[in-house]
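Letter by letter, the chains look like this.
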Amino acid sequence: MKRQNARTLALIISILTYLVVGAAVFETLESKQEKSHKRRLDARKHELMRKYNLTKGNFEELEHVVLQLKPHKAGVQWKFAGSFYFAITVITTIGYGHAAPSTDSGKVFCMFYALLGIPLTLVMFQSLGERINTFVRYLLHQAKKCLAMRHTEVSMANMVTVGFFSCMSTLCVGAVAFSHCEGWSFLHAFYFCFITLTTIGFGDYVALQRDDALQNDPRYVAFCFVYILTGLTVIGAFLNLVVLRFLTMNTEDERRDAKQRALMSVGKPRGEVARLLPFSASTSSTPVADESAKARDLKGAYTEVLHFQTICSCLWYRSKEKLQGSIPTMIPQELTFSDAYMQQNSNCPHYMEPGSTGCVCSPRQCSSISSITSGLHILSPFRMCKRRSSV
Amino acid sequence: MKKQNVRTLSLILCMFSYLLVGAAVFDALESETESSRRRILELKRNEMKKKYRFSEHDYREIERVVLQAEPHRAGRQWKFAGSFYFAITVITTIGYGHAAPGTDAGKVFCMFYAVLGIPLTLVMFQSLGERMNTFVRYLLHKVKQCLGCRRTEVSMENMVLVGFLSCIGTLCVGAAAFSHFEGWSFFHAYYYCFITLTTIGFGDFVALQKKEDLQEKTPYVAFSFMYILVGLTVIGAFLNLVVLRFLTMNTEDERRDAQERASLKRDRGFLSRGLRRERNRSRSHSTLFLPMEEGTSCTNLIASPAEDPERQRRTGAREGNMWRVMLFFVMVIYLFTESQLKINTGSIYMICTSRECFEMWRLK
């Protein structure tokens, strides 16, 4: 079965399993408390009804009024500050629901607003997140140089650690601030920040809803907005670093397959193949042309390895040595060739260190979207294998 | 300035202006209704308080009881079906909030659950969406062949059109179903489907909340879950087709820059100036916000060093204009915000006086 199909099926099954497991755990944790809470509330309700001699109908009317007044309790929700808050919850898809458009025209505008705003926001956060990652990478590189370490390249592990710690500290800073300003416990404030910054946005805890803060406390309002937007940027940077490459897995594989089919079916002579390669790879064109025959022979042997590697987890973090160790006898020539290739790359002063794209191989190998070097990839299955494992 | 930085800055500006415009429009649409509604409800409340002679303390007690009992009105929320519904709203980040974990242990588990579940779900929907797009592309190709069209390749416009129509179709199907089962108007059901499938999830409209639906109407429950997951897949496929390439723009540009720098260093050794000039001429003028087409080797807003000075002067002028436009935008946004918040930071005064000073300095 095609790799992409197997991967997709595996993902669907794991999501369904994850949902079932989650549901079971939530049921265990919450069901009993729900029952007892409901019983207590019902008891209190009946007490109050008896005290004031209310009929069921009366109480329902009262209930209706109280529920309708709920958003108004928190103050004016639709003046400029409140509307700005609402607009943020729409385009970031947080969607607390503390205020929702009640007029039909508001609902229609909300839908069109979201239609354009959500992709714009997604692209903006990823763009800014990537810039932040690049800057952090540069800082870490300088820091490593200052500390006079042996390896001054910034590895993926470094970046992930820094990213993770910045996420945690963002959440903690927010938790401290909101627990102070809103009067929540630290855990509840942390939970609020987490639910907000993952854009889930239940709405059980919502900031700026106490004492008409939206109108009376502009500095706190500004802090909240800035916190939400910066927090989302930090989380976005982390996602850009870790998750984004997985979102393009299938597309990259399709593209690679298509190119492979095109190249194999046309069956160009060796010279022409070498000419397809860009200037930069011209120095390595002769060994590559020689490899093409070997490549075809060993292609079958590779498919199983590739299959397994990509269905399972991303193996980019595996060092080159481990990979060499796992298939020692299969392709020694490719190994040495790729060694030489990597050497050539690392001699170049502006060679992008492995960490930048999260791949052990060079960035050229990682990207199939910059397809100029794809010819090279297809002719060297070992590198193809490594590139796939990088995704 | 580097292309990626320019792009990022302009995106930030765009988003801020978008937020401001949205806020102003929502203010205009909803503020009046809100204040009149509030007045009516408060009148009613005061009426009732007088009628039943509630003490202030007791009224607050009633309020508390009613608000806390709200999720219970819809039946048991945390039995298996309800928990499954909740788990869906967590990992898809819809997050209605119709039921939220009450225990601290539930909150903590919810956070860990989301940390792993959300990326897994994102990857799953994009993966499945890409598969769907490939399949649709294949179908369209066959259809074009059958209809004997002259060109049987499936263009991007075809795919976008089909994707868009399937999104609208999904929303309408859901709207029809939910308006029937939940008793909402078609418009409100459509609004519910839209808010759900974009994962905003306000929670003002939530399915499966009519009394005991979660426990009794099992086929309807199954339909709701399937609808949410399938709908998110369709939307995910459309996003995969249209938006995903934009998310990797900066990363690709960085990669391309690095390759260029690497290749330039290498080229200096063996290539003549002539070859390099030829490459420059064939550079396509990529725009800031379009992802690169495949097969182009190198494009850059700013020419790499040691290139012709004429080009550099032109790009320098372009950059200057771009900064002026951005500065203008920032000023507009600032003034607009001031007017909306009805505050006066004296910025207009400062701008005018600074302009005067600048003119005087120039004349000297």
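Residues numbered from 1 in each chain as written. Chains lettered and ligands numbered in written order. Predicted model: local features only at pLDDT ≥ 70, side-chain atom pairs only at ≥ 80, totals over all residues. Heavy atoms only, no water.

A. Focus on the overall build of chain A. Secondary structure assignment for chain A yields 17 helices and zero strands. Within chain A, buried positions represent 54% of all 391 residues. Partitioning the intrachain contacts of chain A with sequence separation of at least 6 by distance along the chain shows that 65% fall at a separation of at least 24. Accessible area of chain A: about 17100 Å², with a carbon and sulfur share of 64%. (Helix = DSSP H or I, 4+ residues; strand = E, 2+ residues; numbered from the N terminus. Buried < 20%, exposed > 50% of the residue type's maximum accessible area, 1.4 Å probe, protein only. Contact = heavy atoms within 4.5 Å. Areas by Shrake-Rupley, 256 points an atom, 1.4 Å probe, with all protein chains shown as cover.)

B. Summary view of the UniProt feature "domain: Potassium channel" (unreviewed entry) in chain A. Residue and element names in this part refer to chain A. In this numbering, the UniProt entry assigns the feature "domain: Potassium channel" (unreviewed entry) to residues 77–132 and 168–243. For residues 77–132, the helix share is 73%, the strand share is 0%, and the end-to-end C-alpha distance is 34 Å. Strand forms 0% of residues 168–243 and helix 74%; the C-alpha atoms that close the span are 17 Å apart. (UniProt positions renumbered as here; feature names shortened; annotations may be inferred.)

C. Broad picture of a nonpolar patch on the surface. Taken together, the side chains of Leu-161, Phe-164, Leu-165 and Ile-168 of chain B define a hydrophobic patch exposed on the protein surface, amounting to about 360 Å² of accessible area. Summarising the element assignment, Leu-161 of chain B is placed in helix 5 (residues 156–182). (Patch = residues over 30% accessible without salt bridge, like charges linked within 9 Å, V, L, I, M, F, W, Y side chains within 5 Å. Salt bridge = Lys/Arg side-chain N within 4 Å of Asp/Glu carboxyl O.)

D. The arrangement of the UniProt feature "domain: Potassium channel" (unreviewed entry) in chain B in detail. When the UniProt feature table is mapped onto this chain, "domain: Potassium channel" (unreviewed entry) is found at residues 76–132 and 168–243 of chain B. Along residues 168–243 of chain B the backbone is 74% helical and 0% strand, and the end-to-end C-alpha distance reaches 17 Å.

E. Highlighting the UniProt feature "transmembrane region" (unreviewed entry) in chain A. The positions UniProt marks with the feature "transmembrane region" (unreviewed entry) are residues 76–96, 108–128, 159–178, 190–208 and 220–247 of chain A. End C-alpha atoms of residues 190–208 of chain A are separated by 16 Å, and the span's content is 42% helix alongside 0% strand.

F. Main features of the UniProt feature "transmembrane region" (unreviewed entry) in chain B. Residues and elements named next belong to chain B. The UniProt entry lists residues 6–29, 80–99, 105–125, 160–181, 187–208, 220–247 and 321–337 under the feature "transmembrane region" (unreviewed entry), expressed in the numbering used here. Annotation note: span residues 220–247, helix share 96%, strand share 0%, distance between end C-alpha atoms 37 Å. In residues 321–337, the share of helix is 100% and the share of strand is 0%. The end C-alpha atoms are 25 Å apart.

G. Region of interest: the interface of chain B and chain A. Counting residues at the interface gives 144 residues for chain B, matched by 138 residues for chain A. Between chain B and chain A the total buried area reaches about 13300 Å² when both faces are included, carbon and sulfur atoms providing 72% of it. It is Tyr-18, Phe-26 and Phe-202 of chain B in chain B that bury the most area against chain A; as a group they hold 6% of the surface buried on that side. Its salt-bridge partner being Glu-254 of chain B, residue Arg-131 of chain A comes within 2.7 Å of it at the nearest N-O pair. (Buried area = accessible area lost by both parts, 1.4 Å probe.)

H. View of the environment of Tyr-113 of chain B. Residues and elements named next belong to chain B. Note that Tyr-113 resides in helix 4 (residues 104–146). Residue class for Tyr-113 comes out buried when judged on its relative accessible area of 3%. On a C-alpha basis, the gap between Tyr-113 and Lys-217 in space is 27 Å, while along the polypeptide they are 104 residues apart.

I. The packing of aromatic side chains, seen in detail. By the definition in use, this model includes 51 aromatic pairs over all chains. With a centroid separation of 5.9 Å and 45° between ring planes, the pair formed by Trp-78 of chain A and Phe-26 of chain B is classed as tilted. Pair noted here: Trp-78 of chain A is in the loop between helix 2 (56–73) and helix 3 (80–91) and Phe-26 of chain B is in helix 1 (residues 3–52), and the two residues belong to different chains. Here Trp-78 of chain A and Phe-26 of chain B have matching classes, each one buried. The ring of Tyr-191 of chain B carries the charged tip of Lys-107 of chain A above its face, separated from the ring centre by 5.4 Å. Across the ring face of Tyr-191 of chain A, the terminal group of Lys-107 of chain B is positioned such that the distance to the ring centre comes to 5.5 Å. (Phe/Tyr/Trp six-rings, centres within 6.5 Å; stacked < 30°, edge-to-face > 60°. Lys NZ or Arg CZ within 6 Å of the ring centre and 35° of its normal.)

J. Examining the confidence of the model for chain B more closely. All names here are of chain B. Averaged over all residues, the pLDDT of chain B is 84; the fraction at 70 or higher stands at 88%. Per-residue pLDDT, averaged within each element of chain B, yields its smallest value for helix 11 (residues 273–281) (54) and its largest for helix 6 (residues 186–197) (96). Low confidence marks residues 293–306, where pLDDT is under 50. Its contacts with residues over four positions away, or in another chain, come to 34 contacts. We note a pTM of 0.76 for the whole complex and an ipTM of 0.82 for its interfaces. (pLDDT = per-residue confidence, 0-100.)

K. Structural view of the side chain of Glu-182 of chain B. All names here are of chain B. Structurally, Glu-182 is set in helix 5. The buried charged residue Glu-182 lacks any salt bridge, with Lys-210 as its nearest oppositely charged partner at 5.2 Å. Reaching out from Glu-182, the side chain makes a polar contact with the backbone nitrogen of Leu-208 at a distance of 2.9 Å. There is a polar contact of 2.6 Å between the side chain of Glu-182 and the side chain of Tyr-220. Discounting chain neighbours no more than four positions away, the residues touching Glu-182 are Val-206, Ala-207, Leu-208, Gln-209, Lys-210, Asp-213 and Tyr-220. (Lys, Arg positive; Asp, Glu negative; His and termini not counted. Polar contact = N/O pair within 3.5 Å; in protein donor to acceptor, adjacent residues only side chain to side chain.)

L. Examining unusual backbone geometry more closely. At Leu-208 of chain A, a residue that is not glycine, the phi angle is positive and equals roughly 60°. With a phi close to 60°, Glu-212 of chain B is a non-glycine residue in the positive phi region. Within the secondary structure, Glu-212 of chain B sits in the loop between helix 6 and helix 7 (213–216).

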